[in-house]
Amino acid sequence: MRKTSTRLADGRELLYYDAAEGEAVDRGVADRRPLPRTTSSSETRHNALLDEHVGYAAHRQSRTYHPPADQCPLCPTSGERLSEIPADSYQVAVFENRFPSFGGDVGRCEVVCFTSDHQASFADLSEEQAALVLAAWTDRTDELSRHPGVRQVYCFENRGAEIGVTLAHPHGQIYGYPFVTPFTERALRSVAEHKRRTGGNLFDELVATERSEGRRIVLETERWTAFVPYAARWPYEVHLYPNRRVPDLRGLDEAERAEFPGVYLELLRRFDRIFGPDAGPTPYISGWHQAPFDVPDREDYALHLELFTIRRSADKLKFLAGSESGMGAFVSDVLPEAAADRLREVASA
């Protein structure tokens, strides 16, 4: 993999990731836009009652919202149509978000463009392209681990207008949180308490139970296991674990990296087939859960990817209404076992 670092007109960092065997391309093209220096007004506050942090980013109100395809800021620059990507082509590009939720001394937010093809989706990528995205995620996790304002890194993709996506180009984001997120805090407490009581690792035991029972397994290979969790919150939710526990993406070995693209692409393609050919692309959120950088016993945390959709049938969405939003108590419409059955039914031939 080749990584080239440059700067956009307003001072933000832009990184190009290219496959080592790919054609050499000029990555020194300057950003010709007359942009002022970027500023961020992010701040965080601590909710003492719930013991969790909340971020505030008032400057995001003016961010780009559903531009037409010929004005997409994530497509390569073409002639006088200037975008966030000055080059006229790219494989994978990562840049600091122009409208970050966290920035400066309060974390960092980045955009990851998976491909220059505006009409594609992650599921359309080749295994080689998906492997390059994985390499970029890993590199950014490593770089952000040394950022003084970052405690945890979350690489994720929101796909679909139903999720709230405002740019149609295939892309994801990387959040470098200045705090440990509430979901992770709860998981860490559960893992620590389980270890204190039993001496075992809760992540290992959960995965072993799913593999042993088999009822909710969606896809299983030599190095990866994908399953619908026993107590899934979402109508269709899959967790993907490497069979060997590692705390973050940097811990994956070459064999695990080589096997991941085929597994992940198959899961995404199955998601698009859940509701039949007339339902259109399935909206989803997919993200890597990684151990924070500065917590005790971080090696006890297990890297895993969580993929889920808010669609519960071809024409209905799962809204987070009173119970979910008001009390954090989920009530799902699809049994995990039924979801696993469907995800096996729609496997590639």
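The rules behind these values
- Residues numbered from 1 in each chain as written.
- Predicted model: local features only at pLDDT ≥ 70, side-chain atom pairs only at ≥ 80, totals over all residues.
- Heavy atoms only, no water.
- Helix = DSSP H or I, 4+ residues; strand = E, 2+ residues; numbered from the N terminus.
- Rg over C-alpha atoms; globule rule 2.2 N^0.38 Å.
- Buried < 20%, exposed > 50% of the residue type's maximum accessible area, 1.4 Å probe, protein only.
- Contact = heavy atoms within 4.5 Å.
- Areas by Shrake-Rupley, 256 points an atom, 1.4 Å probe, with all protein chains shown as cover.
- Core = buried A, V, L, I, M, F, W, Y, C linked by side-chain atoms within 4.5 Å.
- Expected span 1.5 Å × (residues − 1).
- Arc of directions from axis to C-beta.
- Axes fitted to C-alpha atoms, helices over the stretch in contact; angles between N-to-C directions.
- Left-handed = near helix turned anticlockwise from the far one by under 90°.
- Nonpolar A, V, L, I, M, F, W, Y, C, P; charged D, E, K, R; others polar.
- Phe/Tyr/Trp six-rings, centres within 6.5 Å; stacked < 30°, edge-to-face > 60°.
- Salt bridge = Lys/Arg side-chain N within 4 Å of Asp/Glu carboxyl O.
- Parallel < 35°, antiparallel > 145°, perpendicular 65-115°, else oblique.

Draft legend 1. Structural context of the overall build of the protein chain. Helix and strand counts for the protein chain stand at six helices and 15 strands. Relative to its length of 349 residues, the protein chain is compact, with a C-alpha radius of gyration of 20 Å against a globular reference of 20 Å. Considering only C-alpha atoms, the protein chain reaches an extent of 60 × 50 × 45 Å along its principal axes. When the 349 residues of the protein chain are sorted by exposure, 51% land in the buried category. For the protein chain, the share of sequence-separated contacts (at least 6 apart) that also reach a separation of at least 24 residues comes to 64%. Carbon and sulfur atoms provide 50% of the accessible area of the protein chain, an area that totals close to 16,500 Å².

Draft legend 2. How the structure looks around the nonpolar core. Core analysis: the biggest nonpolar cluster contains 52 residues, and Phe 122, Trp 137 and Trp 288 have the highest contact counts within it. If sequence neighbours within four positions are ignored, Trp 137 has contacts with Phe 114, Phe 122, Cys 155, Ile 174, Leu 249, Phe 260, Tyr 264 and Trp 288. Within the second largest apolar cluster, 14 residues are counted, among which are Leu 8, Ala 93, Phe 95 and Val 111.

Draft legend 3. Layout of helix H3 (residues 202-213). With twelve residues, H3 ought to run about 16 Å at 1.5 Å a step, and its terminal C-alpha atoms sit 16 Å apart, in line with that. Along H3, the residues classified as buried are Phe 203, Val 207 and Glu 210. Angularly, the buried residues of H3 cover 60° about the axis, an arc narrow enough to put them on a single face. Where H3 is buried, its residues meet helix H2 (182-198), strand S9 (217-220), strand S10 (224-227), strand S11 (236-242) and strand S13 (304-309). Positive backbone phi, approximately 75°, marks Gly 214, located one or two places after H3.

Draft legend 4. Fine view of the packing of helix H1 (residues 127-144) against helix H4 (residues 254-271). Running from amino to carboxyl end, H1 crosses H4 at an angle of 115°, the nearest separation of the two axes being 9 Å. Our pair here, H1 against H4, has a crossing hand that is right-handed. From H1, Glu 127, Ala 130, Ala 131, Leu 134, Trp 137 and Thr 138 reach across to H4, where they touch Arg 257, Phe 260, Pro 261, Gly 262, Tyr 264 and Leu 265. The residue makeup of the contact of H1 with H4, split by class, is eight nonpolar, two polar and two charged.

Draft legend 5. View of the packing of aromatic side chains. In the structure shown here, the tally under the stated rule is 22 aromatic pairs. With 4.8 Å between their ring centres and 15° between their planes, Tyr 154 and Phe 156 make a pair best called stacked. As far as burial versus exposure is concerned, Tyr 154 and Phe 156 are alike and both buried. Ring plane angle 70° and centroid distance 5.0 Å describe the contact between Phe 203 and Tyr 301, whose orientation is recorded as edge-to-face. Taken together, the positions of Phe 203 in helix H3 and Tyr 301 in the loop between strand S12 (284-289) and S13 put the pair 98 residues apart, joining distant regions of the chain.

Draft legend 6. Quick peek at the pattern of salt bridges. One pass over the full model with this rule turns up 43 salt bridges. Across the pair Asp 139 and Lys 3 runs a salt bridge whose closest N-O atoms are separated by 3.0 Å. Within this pair, whereas Asp 139 is found in helix H1, its partner Lys 3 is found in strand S1 (residues 2-7), the two being separated by 136 residues in sequence. Residue Arg 216 pairs with Glu 337 through a salt bridge whose shortest N-O separation is 2.8 Å. Residue Arg 216 is found in the loop between H3 and S9, and its partner Glu 337 is found in helix H6 (residues 336-345); the two are separated by 121 residues along the sequence.

Draft legend 7. Expanded view of the packing of H2 against H3. Viewed as axis vectors pointing N to C, H2 and H3 meet at an angle of 90°, and their least axial separation amounts to 9 Å. By the angle between their axes, H2 is roughly perpendicular relative to H3. Seen from H2, the contacting residues are Ser 190, Val 191, His 194 and Thr 198; seen from H3, they are Leu 202, Phe 203 and Glu 205. Among the residues making up the contact of H2 with H3, the classes are represented as three nonpolar, three polar and one charged.

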